[in-house]
Structure formats: C-alpha cells, structure tokens
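# Report on the structure
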Amino acid sequence: MKATARSMPRLLLALASIQNGATSFSPAKRLAPLPKVYQSSHLNTPTKLMSSTGVSVANDSVGASNQQISEKISKLKRVLEQEYISFFNPMVDAWYAEDVTFDDPMTSLSGVNSYRNNVDMLAGRTLMGKMLFDGAGINLHSVTGGEVVEGINGQVEISDIVTRWTLRVTAKVLPWKPEAVFSGISVYTVQPGGKQGVSIVAQTDYWDSINIKPMTSSLMPQEQYQKVPKSVAINDFLSQLKPEGFRAVAAAPELPYLLLRRGNGYELRRYPGFVGILTPYQRRDYGFGSLGAFAKGMNPLAPSIMKVWNDDNDGKDKVMMWPLEFTLPGQGSAAPSPPALAVEKAGEGQWKSISLSTRSESVIAVRSFEDAAMGPVVRNSDRELRELLKRDGLVPTEESSEYVVFAQYDAVHSMGKRRSEVWIELKDGGHPF
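First things first, this report covers the structure right here in the doc. (Residues numbered from 1 in each chain as written. Predicted model: local features only at pLDDT ≥ 70, side-chain atom pairs only at ≥ 80, totals over all residues. Heavy atoms only, no water.)

## What to know about the overall build of the chain
To keep it simple, the criterion reads: Each helix is a run of H or I in the DSSP string that is no shorter than four residues. Each strand is a run of E no shorter than two, and both are numbered from the N terminus. Burial classification: accessible surface area is computed with a 1.4 Å probe over protein chains only, and a residue below 20% of its type maximum counts as buried, one above 50% as exposed, and the rest as partly exposed. Whether two residues touch is decided by their heavy atoms; if any such pair falls within 4.5 Å, the residues are in contact. Reported accessibility uses the Shrake-Rupley method at a 1.4 Å probe radius. Residues are deemed covered only where the shown protein chains occlude them.
Regarding its fold elements, the chain presents nine helices and 18 strands. The proportion of buried residues among the 433 residues of the chain is 48%. Across the chain, contacts joining residues at least 24 apart in sequence account for 71% of those joining residues at least 6 apart. A total accessible area of about 20400 Å² is found for the chain, and carbon and sulfur atoms account for 52% of it.

## Looking at helix 2 (residues 66-85)
The cut-off we apply is this: Here the expected span of a helix is defined as 1.5 Å times the quantity of residues minus one. Read the arc as the range of directions from the helix axis to the C-beta atoms.
Taking 1.5 Å per residue, 20 residues should reach 28 Å; helix 2 reaches 29 Å between its end C-alpha atoms and fits that length. For helix 2, the full list of buried residues reads N66, I69, I73, L76, V79, L80, E83 and Y84. Considered in projection along helix 2, the buried side chains sweep an arc of 130 degrees and stay on one side of the axis. Exposed side of helix 2, more than 90 degrees from the buried face: Q67, R78 and I85 are the residues found there. Within two residues after helix 2, F87 carries a phi angle of roughly 50 degrees, on the positive side.

## Quick notes on the nonpolar core
Quick note on the threshold: The set of buried Ala, Val, Leu, Ile, Met, Phe, Trp, Tyr and Cys residues whose side-chain atoms join them within 4.5 Å is what this entry labels a nonpolar core.
Ranked by size, the top nonpolar core spans 47 residues in total, and within it Y96, Y115 and V190 carry the most contacts. When residues of this core are assigned to their parent elements, the largest contribution, six residues, is made by helix 2. Counting 33 residues, the second-largest nonpolar core is a separate cluster that includes L268, M306, W351 and L385.

## Examining the packing of aromatic side chains
The geometry of two aromatic rings is summed up by the distance between their centres and the angle between their planes. Keep this limit in mind: When two rings of Phe, Tyr or Trp (its six-membered ring) have centres within 6.5 Å they constitute a pair, described as stacked for plane angles under 30 degrees, edge-to-face for angles over 60, and tilted for the intermediate range.
Applying the stated rule across the entire model yields 12 aromatic pairs. Ring geometry for F288 and W322: centres 6.4 Å apart, planes at 40 degrees, overall tilted. Of this pair, F288 sits in helix 7 (residues 284-294) while W322 sits in strand 14 (residues 318-326), placing them 34 residues apart in sequence. Among the residues examined, F288 registers a relative accessible area of 17% and is labelled buried. By way of ring pairs, the aromatic residues Y84, F87 and F88 are connected into one cluster.

## With respect to the sheet that holds strand 12 (residues 274-281)
Note the cut-off: We call two strands paired when DSSP finds no fewer than two bridges between them. All axes are obtained by fitting lines to C-alpha atoms, using only the stretch in contact for helices, and the reported angles, taken between N-to-C directions, cover 0 to 180 degrees.
Strand order in the open sheet formed by nine strands is 10-11-16-18-17-13-14-12-15, and the pairing between neighbours is antiparallel. Both outer strands of the open sheet, strand 10 (258-262) and strand 15 (355-359), are each paired with one neighbouring strand and no more. Adjacent strand axes in the sheet meet at a mean angle of 30 degrees, parallel and antiparallel pairs treated alike. As judged from the six bridges shared by strand 16 (residues 362-369) and strand 18 (residues 420-425), these two strands associate in the antiparallel manner. Counterpart to I364 in the pairing with strand 18 is E425. Relative to the sheet, helix 7 contacts strand 12, strand 13 (304-309), strand 14 and strand 17 (403-408), its axis offset from that of strand 14 by approximately 30 degrees.

## Things to note about the pairing of strand 14
One ladder, built from eight bridges, connects strand 12 with strand 14; its direction is antiparallel. Looking at the pairing, L278 lines up with M321 of strand 14.

## A few points about helix 7
Taken together, the buried positions of helix 7 are G287, F288, L291 and F294. Seen end-on, helix 7 carries its buried residues on one side only, within an arc spanning 135 degrees. Packing partners of the buried residues in helix 7 comprise strand 12, strand 13, strand 14, helix 8 (340-345) and strand 17.

## As for the sheet that holds strand 2 (residues 96-103)
Strand order in the open sheet made by the six strands is 3-2-9-8-7-4, with mixed pairing throughout. This sheet does not close on itself; its edge strands, each paired only once, are strand 3 (108-110) and strand 4 (133-145). Geometrically, the sheet is characterised by an average inter-axis angle of 20 degrees between neighbouring strands, direction not taken into account. Sheet topology note: the strand 4/strand 7 (residues 161-171) ladder contains 10 bridges and is antiparallel. Within strand 7, the position partnered with S142 by the bridge is R164.

## A word on a negative patch on the surface
In plain terms, the rule: Surface patches are defined over residues having more than 30% relative accessible area and no salt bridge, joining like charges when they lie within 9 Å and nonpolar side chains (Val, Leu, Ile, Met, Phe, Trp, Tyr) when within 5 Å. The rule for a salt bridge is simple: a side-chain nitrogen of Lys or Arg has to be within 4 Å of a carboxyl oxygen of Asp or Glu. When charges are tallied, Lys and Arg are placed among the positive residues and Asp and Glu among the negative ones, while His and the ends of the chain are skipped. In plain terms, the charge of a residue is placed at NZ if it is Lys, CZ if Arg, CG if Asp and CD if Glu.
Taken together, the side chains of E398, E399, E402, E425 and D428 make up a negatively charged region of the molecular surface. Within the fold, D428 resides in the segment after strand 18. With a relative accessible area of 72%, D428 lands in the exposed category.

## Some remarks on the pairing of strand 12
Burial within strand 12 is extensive, with seven of its eight residues counted as buried. Sheet topology note: the strand 12/strand 15 ladder contains five bridges and is antiparallel. Considered in strand 15, the bridge of L278 is made with S355.

## Some remarks on the environment of N89
Within the fold, N89 resides in the loop between helix 2 and strand 2. In this structure, the C-alpha to C-alpha distance between N89 and V119, residues 30 residues apart in sequence, is 9.1 Å.

## Description of the pattern of salt bridges
Going through the model one piece at a time under the given rule, you end up with 15 salt bridges. Across the pair D410 and R418 runs a salt bridge whose closest N-O atoms are separated by 3.9 Å. Between E421 and R419 there is a salt bridge, with the nearest N and O atoms lying 3.3 Å from each other. Several salt bridges share partner residues, and in doing so they unite E254, E267, R269, R419 and E421 into one network.

Take a look at the structure:
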C-alpha cells in the first residue's frame, strides 16, 4: 500500500474525520462483504512466458542473448529483495524506467521521482510522512517469475515478476495510533533495455483483502487477482483505523508467527515449530488448572489451543495444549527440545495425564470470533472459515476435517473484548507460501 501526495488530501480528510468522531463508515468486522466482481477491470491473464501486457522486444533492438537477459533478470530479482528488506532505502533508480507507472488499489502515479517520493512518504522519510506514519515495515515472502524465452520472429519475451508481501504501518496522526496491515502481490512488467539491460516499466499492486477473485487458484496469481473501484480500497483502509475499545488482558506472551495474508474474513500465518504440554479435559477450567499447575516456572505461551473432535468422533477426548518453546529463525522447521523440567514431570505421578506434544512449522488459516467459545459457536466459525478458504483457492489438510481447533488468548475471567480464533492447518502445496 503506497499513498502518493495526490491521494493525501483525501486521506487527511478521512483521518481528521475519524479523529473528530465524524466518520460514517461501519465498525470494522472480521468478515466484510466480498466486493462485487468487476470483470471488465480484472488483471489480464498472461500468455505463457509473456508479460501480462503482452510486451515483447526484438533481439536486435537490445543486442543481448536470452542468457544475458536471464542473468539481468536474476540480478533484478535480487535488487528487489534488497529493496524490500531495506524498505526501499535506497531505491535503486537504475532498474526503473524514467516513466515507470505505479498502480495500487488506492493510488496511481507515474515517473521514477514520484514513485520514490511515494515510498519515502510512507516510510516517514518526508515531512508529510513524519506527520502521518510511523513504524512502516514490509515482509517479503517470495519473488517469482521473470522467465525469458525467444518467441516468434526471434523476439525476447519476459514474463512478469511477482512478489508477495505483508505491509504494516501505524497511523500516528490519530491519538490511538492504529496499525493498518495490507498483504498482497506486486506485478512488475519488465522490458529489455535501460541502464541495466532490463528495466521495470510498470508495477501493479493487489491486496489480498479486496482483490482476490472468488473460486480461483491461489497458485496462479495473475489469474486470481482483479481490480476493484478505489472506494472499496479506501473503505478497507479506513476500517482498520477505528478504535478497538477495551480488550481483555492476555494470559501470557504470545507464540510468535509471521503474518502471510490479511484476507477477507481470515488471516494466514506461518507458525514456527514448537513444543508444548497437552492434557485431556472435560471442562476448560479444569484443563487450565492442570496445565497451570504443571507449567509453574516454565513460562508457557499463549494461546491455549483446544482440539475438539467432530460429532462422529465423540468417543475421543477433547485436548488442551499450551506452547512452551518455539524454534528460532534459522534453526529449521522442526520443534525444539522440551524443557528438562517438563520432560522430568510429564506422565509421572500426579501429572500422569499430561504429555509433551510437538508441532512442526506450519501455515495456519485463522478466523476470529467474539462470542463465547461454546460448541455451536466454534463449529460455526470453523465452517465459515472453510467456506472462505474454498472461495480463495486454499486447501486444508485432509485430517483437519475430523476435528475443530480453536485458540484462546485471554486470562481466565478477565474483562473486556476477548480474543478467540478457530485454526485450520493448510496442506503443503495448498497455498502460495
């Protein structure tokens, strides 16, 4: 999400109206109505190994072989990776055409200087950016595409480069300093030529929350994303700026995760491998009590993760798990070793019902719900999440249909808005991450 100076008066008016209590938009909800499908403005499906705009340039106009251009594309992809890591500080202008165009759901601009100023503002490197934003950061999940082939009549054909990312930024101009989160893809149209041998001539961004076309494959981004009216994007942005109100106290520090997607009605998260303690339970307060007594001195993490079997598996115990330790970045995808004290106590004496449990790194789909975590509420939230995943071309693991997993983050009997979620693990290859 990049907001240019052209769009700032509109944003400033929106932010000011929120601050003055004059907003007319509805409170943010986890499941917003899916935007109408606008067939006339959807992203063009590219020809195999062609730019989505059909751009191609003859070999003799660039004086380079396919192999040389492929090497330039590989270097460009590394430059993009570095730009994302540094939040475009610096932006390497030499890889962009002077008249490069940029379009995202809220903004359209052209020219490399406008492009750079736009990014600098969002990052707080301009005067207006310092006034409006803080803490901007972007996680790059992947860089794909850019294949080069010799087409008909000896032409060089370059497919679009596609990046997947998650962006966070704090609107510090508002007293409650809300954080806005956007995830999506950027589609780069690349041509041979320019200062580096190839150059970016256009970038088009799409957000996961508003631009995904229903019932399309999540593995084919240039067919899955479509353009929608800017008003849809503005409403999506504003919905994240409303104060949340009083929230319940968290039970413990949270198990960390990487947010892969903020979708329409759900999130996708990558959780690291972790080890925890597990107990069967009949009443949730008994489960909390047992694990709490066992974990004294071990610093367990939130959330409490419950698994309840579906109706045809009623004979199986409900189980509750508390995470204890997680795998640090760079240490692989497997779960870490459990704490020595947990190994010593688990399954022995008064702790015979408590066991150790491990989870490898996984991608989890998450949907929040606000009602009390009673059976009908949890199962209905699980059904809703499965419908959303099907809509967006995401595939759960086969075994996940046998049970419902839900998570609770708040201290028992705490007051305020509670945080509860249903979780569904996604199948390897059933998502684009």
